[in-house]
Amino acid sequence: MRDLIVTLAILGAVPFVLVRPHVGVLMWIWVSIMNPHRLTWGFAYDFPFAQVIAVATLIGLLLRGRGVRIPWSAPTVLLLLFVAWMNVSTLYALAPQEAHAQWLKVMKTMLMTFVMLAAIEEERQIKWLVWVLVLSLGFYGVKGGIFTLLGGGVHRVFGPPGSDIEDNNDLALGLLMTIPLLWYLRRGFTKRWVRLGFVGAIALCALAALGTYSRGALIAATVMIAFALLKSRGRIAFVLPLLALAVLALTLMPEHWFERMGTIATYGDDKSSLGRLNAWQMTFNLALDRPFVGGGFQLYQPHIYELYAPNPTMVLAAHSIYFSALGEHGFIGLALFASFMFASWKTATWIVRRSAGRAEQRWAGELATAIQASLIGYIVGGAFLSMLYFDVAYYLIAVLILVRQHIEKVGSTSQQAQADAKRAGARLTQ
C-alpha cells in the first residue's frame, strides 16, 4: 500500500511538472533528500523516481517558451568552473571505474542545481523551495528525536538506507543545517501554538543530531550556536531554550555518548581520528604529486594508499570536504571550491545589508542569515565529513542566488517606476 501511495504521488505530479517546471524542482528536492521511496518495502524501493522527475523538469523548461535563463553571479560562475574542473580531473582519475560512478552521481546534483536556478523565478517559489527542503530533512529530525527520547539515547540515529544521509554523521550535519531554517520559518507565524510547534521540531532535530553520536556535528553545532547568538535580535529568548535543551541532553544521553564525545580532546588515542589524519596526509601527498588534477573521484583505494599514505593499510575516505577537494581535484579544485563558498557567503551578506530597513524585503534578510548559519554548519562540520557534494549545501546556495536576483529585479523595477513618475510629473508641469 505504501509503495502504491508513493508511486501515485510522484508519477501523478509529472503532468504538472511538464507545465510548471518549478514543481519539478520541488519534487526533485523531496525525492532526492527525503527519499520517500526508501520508506517502502516493495517495487517502489528501487524505482528511479528522481530520474523521471529530472527528465520531466528538463522537458518542461524547454516547453516553457521563455528560454532557459540562469542568474549569473560570482557563485554561479565559480560553481560552473568547479563543475568543469571536476570533469577535467575525472579524465585523469586514478580509479577510472569507481570514478565514473561517482562522477555520474555528482553531475546529476550539479545539473539539477542549475535547473533550479533556471526554473525558480518568483518570491513564493523560493519560499516553497525552502519549505520542501526543511520538511524533507525535518521529517527525519522529528522522527529521530522521538526515537532518541524513547530509547534514552542508547541507540544511534541513522538516515534512510541507500540515501546520501544514511550515515549517522551525514544525517547529523543535515539536521543541524535544517535548524536555522526552521527558526526562520517560525518567524512567519504569529499564533503561539504554531511557533511552539516549530520550537518542538527544533528541539527534536537537535536531539536527533545528538543521537547520531557524531562528534563533527557537535563541533559544528557549537560554532553555529555562537553565530546565532551574535546575529539573533532576541538573544534571551534564543538562549533559554538552548539551555533547557542542553540540560535535557545531559540528563538523557547515556554514559557511552559522553565517552565518545570525550574522544574529541583525545583524538590521538582514537582509531577513527587516526584514520582521518592518515587520509588527510594521503590526499595532501597525492596533491603534491598531481597538483593540478588530483586523483579524481573515489581515489580511496588500496593501491593508491600504498603510493601516498603514511599507513597504507588504513584505507578510509578523506572525511573532510577540503581534503576531498584537494585530493580528488588538486589545488585548483580546492581553490575553486573555497572561492565558491566565499562568494556564496558574500552573496548572503549582500542580501542582509540590501534588505535592511525594507519591510517588504525583511524575509530575504532573515532567510539569508539562516542560510549563513546553515553554511557555517557545513563549513565547520564538513571539515570532518566526506560531504563535498552534499546536495543540500548546493541547493541552499542556489536559494541565495535566487534571492539576490529577486532583490535586484524588484529594485530595478522600483527605480524604473520612479523614473516614469518623474517624467510624468515633468510633463504635467510643462
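S.K.: I would appreciate a short explanation of the overall build of the protein chain in the present structure.
M.R.: Along the backbone of the protein chain there are 17 helices and 0 strands. Counting across all 430 residues of the protein chain, residues that qualify as buried make up 52%. Within the protein chain, counting contacts between residues at least 6 apart in sequence, those at least 24 apart form 79% of the total. Working note: accessible area of the protein chain is about 20000 Å², and carbon and sulfur atoms make up 67% of it.

S.K.: Can you help me understand helix H9 (residues 192-211) in this one?
M.R.: Think of an α-helix as 3.6 residues a turn; residues three or four steps apart then line up on the same face. Compared with an ideal rise of 1.5 Å per residue, which puts 20 residues at 28 Å, H9 spans 28 Å between its outermost C-alpha atoms and is within 8% of the ideal. Where H9 is concerned, the buried positions are Val 194, Phe 198, Ala 201, Ile 202, Leu 204, Cys 205, Ala 206, Leu 207, Ala 208, Ala 209, Leu 210 and Gly 211. A positive phi of about 65 degrees marks Tyr 213, the residue just after H9.

S.K.: Please explain the nonpolar core as it appears in this structure.
M.R.: A general trend in soluble globular proteins is that nonpolar side chains are found buried together. Counting residues in hydrophobic clusters, the biggest one holds 114 residues, and the most contacted among them are Ile 29, Met 116, Leu 129, Leu 367, Tyr 378 and Val 403. The greatest single-element share of this core, amounting to 13 residues, is contributed by helix H17 (residues 391-429). Filtering out sequence-adjacent residues up to four positions away, Val 403 remains in contact with Ile 126, Ile 351, Trp 363, Ala 364 and Leu 367. One finds Leu 286, Leu 299, Tyr 300 and Tyr 305 within the second-largest nonpolar core, a separate group that totals 10 residues.

S.K.: Quick question: what am I supposed to make of the side chain of Asn 169 here?
M.R.: Inspection of the secondary structure assignment puts Asn 169 in helix H8 (residues 168-186). For Asn 169, the side chain forms a polar contact with the side chain of Ser 214, separated by 3.0 Å. In this structure, Asn 169 is in contact with Ser 214 and Leu 385, ignoring residues within four places of it in sequence.

S.K.: I keep staring at unusual backbone geometry and nothing clicks. Help me out?
M.R.: Where the residue is not glycine, phi is negative for most of them; where a peptide bond is considered, it is trans in most cases. If you check the backbone angles, Tyr 213 has positive phi at about 65 degrees while not being a glycine. Considering the arrangement of structural elements, one finds Tyr 213 in the loop between H9 and helix H10 (215-231). The exposure class assigned to Tyr 213 is buried, which follows from its relative accessible area of 2%. Here Gln 298, not a glycine, exhibits a phi torsion of approximately 50 degrees, which is positive. Turning to its location among the elements, Gln 298 is positioned in the loop between helix H13 (271-289) and helix H14 (302-308). Note on Gln 298: relative accessible area 31%, which makes it partly exposed.

Thresholds applied
- Residues numbered from 1 in each chain as written.
- Predicted model: local features only at pLDDT ≥ 70, side-chain atom pairs only at ≥ 80, totals over all residues.
- Heavy atoms only, no water.
- Helix = DSSP H or I, 4+ residues; strand = E, 2+ residues; numbered from the N terminus.
- Buried < 20%, exposed > 50% of the residue type's maximum accessible area, 1.4 Å probe, protein only.
- Contact = heavy atoms within 4.5 Å.
- Areas by Shrake-Rupley, 256 points an atom, 1.4 Å probe, with all protein chains shown as cover.
- Expected span 1.5 Å × (residues − 1).
- Core = buried A, V, L, I, M, F, W, Y, C linked by side-chain atoms within 4.5 Å.
- Polar contact = N/O pair within 3.5 Å; in protein donor to acceptor, adjacent residues only side chain to side chain.

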